[in-house]
Amino acid sequence: MRERQILFSRQQIEAKVKQLGEQIARDYHDKNLLVVGLLKGSFVFVADLMRAIDQKIVIEFMTTSSYHDAEDSTGRVEIVQDFSRDLRDFDVLIVDDIIDSGLTMKSVYELIRSRHPRSLKTCALLDKPSRRKVEFECDYVGFTIEDLFIVGYGLNYGDYYRNVDHIFVFVEENEK
Ligand code: IMP
Ligand code: MG
């Protein structure tokens, strides 16, 4: 039997998102902020985070898809859908749900950097530093977690559960 164990409640996530939003608003108060959300995973987080940042923001989205697994350290990250805006006048903040191997953030970071934004930083609600395959340090992190597969609040399991308003892990009954 599989059971769900709550890792972060809706209230804990709300408090963290508010804190991140306030910090970003302080750091970007005199900047021209453009948020790039990475789909699909970040859509719930981006929607809450952008409303926690009390200033003018431009939003763009990119859909990424990764084809890396435990054996594949080269990790191909495909940009399934891109946006076309000129970034040279913007201070860009890339936002993802979670950083795992670091391959997604690193490759998107390098792609966006090649488009010469005024400045470039990254933000993730969750970070699993023990899983890194490439060196990557995120500028704004909500929660740092162990090597767990987590679900909910935009994060999927077999493309389901993105709509769950909290973050949980599946545990086998006999593992408890
Ligand atoms: P990375 O490229 O290995 O850093 O993986 C990043 C992407 O993998 C994230 O954007 C997520 O979509 C997905 N991902 C990584 N860990 C988890 C998890 O624990 N649950 C659900 N999705 C995850
Ligand atoms: Mg993702």
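The numbers attached to residues start from 1 for each chain and follow its sequence in the written order. Chain A is the first chain written and ligand 1 is the first ligand written, with later ones labelled in order. Totals for whole chains, interfaces and linings use all residues, but because this is a predicted model, local features are given only for residues with pLDDT of at least 70 and pairs of side-chain atoms are given and counted only at 80 or more. Hydrogens and waters are ignored; side-chain quantities use all the structure's heavy atoms.

Asker: What is the right way to look at the site of ligand 1 in this model?
Answerer: Throughout this document, a residue counts as near a molecule or strand when at least one of its heavy atoms sits within 4 Å of that molecule or strand. Close to ligand 1 lie 16 residues; D96, D100, S101, T104 and I150 are nearest. Under this definition, polar contacts are N or O atom pairs within 3.5 Å; protein pairs additionally need one hydrogen-donor-capable and one acceptor-capable atom, and for neighbouring residues in sequence, both atoms have to be side-chain atoms. Contact distances for ligand 1 include 3.0 Å between an oxygen atom and a side-chain N or O atom of D97. A distance of 2.9 Å separates an oxygen atom of ligand 1 from a polar side-chain atom of K128. Note on areas: Shrake-Rupley, 1.4 Å probe, and residue coverage restricted to the protein chains presented here. Burial of ligand 1 by the surrounding chains reaches 88%, relative to a free accessible area of 490 Å². Elements that contribute at least two residues to the shell around ligand 1 include exactly strand 5 (91-99) and helix 3 (103-113). Note on conventions: DSSP H or I runs of at least 4 residues are helices, E runs of at least 2 residues are strands, and numbering of each starts at the N terminus. When residues in the shell around ligand 1 are grouped by element, the largest group, four residues, is from strand 5. A breakdown of the residues in the shell around ligand 1 according to their chemical character gives seven nonpolar, five polar and four charged. Just so you know the grouping, Ala, Val, Leu, Ile, Met, Phe, Trp, Tyr, Cys and Pro go in nonpolar, Asp, Glu, Lys and Arg go in charged, and all remaining residues, Gly too, go in polar.

Asker: Where do I start with the nonpolar core in this structure?
Answerer: As used here, the term nonpolar core means buried Ala, Val, Leu, Ile, Met, Phe, Trp, Tyr and Cys residues forming a set that is joined through side-chain atoms within 4.5 Å. Only protein chains enter the area calculation, which uses a 1.4 Å probe; residues under 20% of their type maximum are buried, those over 50% are exposed, and those in between are partly exposed. In terms of nonpolar packing, the biggest core is built from 29 residues, with I24, F45, L49, L125, L126 and I167 touching the most fellow members. Only helix 1 (10-27), strand 2 (33-39), helix 2 (43-52), strand 5, strand 6 (119-127), strand 7 (140-144) and strand 8 (167-172) provide two or more residues apiece to this core. The element best represented in this core is helix 1, accounting for five residues. Ranked by size, the runner-up nonpolar core spans 17 residues in total, among them F83, I99, M105 and F136.

Asker: Quick question: what am I supposed to make of the pattern of salt bridges here?
Answerer: Pairing between side chains of opposite charge can happen when the charged atoms of each approach one another. Put simply, a salt bridge is a Lys or Arg side-chain nitrogen that is within 4 Å of an Asp or Glu carboxyl oxygen. As enumerated under the stated definition, the model contains 15 salt bridges in all. The residue D91 makes a salt bridge to R118 at a minimum N-O spacing of 3.7 Å. Note that D91 is positioned in strand 5 and R118 in the loop between helix 3 and strand 6, a separation of 27 residues in sequence. A relative accessible area of 52% means that R118 is categorised as exposed. A salt bridge links R162 to D159; the shortest N-O distance between them is 2.7 Å. The network of salt bridges with shared partners includes R10, E14, D48 and R51.

Asker: Where do I start with the side chain of D48 in this structure?
Answerer: With respect to the helices and strands, D48 occurs in helix 2. Exposure remark for D48: the relative accessible area of 17% places this residue in the buried category. We call two residues contacting when some pair of their heavy atoms lies within 4.5 Å. Filtering out sequence-adjacent residues up to four positions away, D48 remains in contact with R10, V17 and Y153.

Asker: How should the environment of C123 be read in this particular structure?
Answerer: One can find C123 in strand 6. It is 9.5 Å that separates the C-alpha atoms of C123 and I24, two residues lying 99 residues apart in sequence.

Asker: Just to check I follow, could you spell out unusual backbone geometry for this structure?
Answerer: Comment: phi is negative for the bulk of residues other than glycine, and the bulk of peptide bonds are trans. Along the chain, L39 connects to K40 via a cis peptide bond; the corresponding omega equals 0°. Phi is positive for H116, close to 55°, though the residue is something other than glycine. Within the secondary structure, H116 is located in the loop between helix 3 and strand 6. Assessed through its relative accessible area of 55%, H116 is described here as exposed. A positive phi angle is found at Y161, which is not glycine, with a value near 75°. Along the chain, the position of Y161 falls in the loop between strand 7 and strand 8. Residue Y161 is classed as partly exposed on the basis of its relative accessible area, which comes to 23%.

Asker: Teacher, can you tell me more about the packing of helix 1 against helix 2 here?
Answerer: Axis angle and axis distance: for two packed helices, these are the angle between their axes and the distance between the axes, and together they describe the pair. Relative orientation of the contacting elements helix 1 and helix 2 amounts to 50°, with a least axis distance of 8 Å. Between helix 1 and helix 2, the angle falls in the class oblique. By crossing handedness, the relation of helix 1 to helix 2 is classed as right-handed. Listed contacts from helix 2 to R10, V17, K18, L20, G21, E22 and I24 of helix 1 are F45, D48, L49 and A52. Class assignment of the residues belonging to the contact of helix 1 with helix 2 gives a composition of six nonpolar, one polar and four charged. With axes taken as lines fitted to C-alpha atoms, and helix axes fitted only over the stretch in contact, angles between N-to-C directions fall between 0 and 180 degrees. Convention used here: angles under 35 degrees read as roughly parallel, angles over 145 as roughly antiparallel, angles from 65 to 115 as roughly perpendicular, and any remaining angle as oblique. Note on convention: the crossing is left-handed when the near helix lies turned anticlockwise from the far helix by less than a right angle, right-handed when the turn is clockwise.

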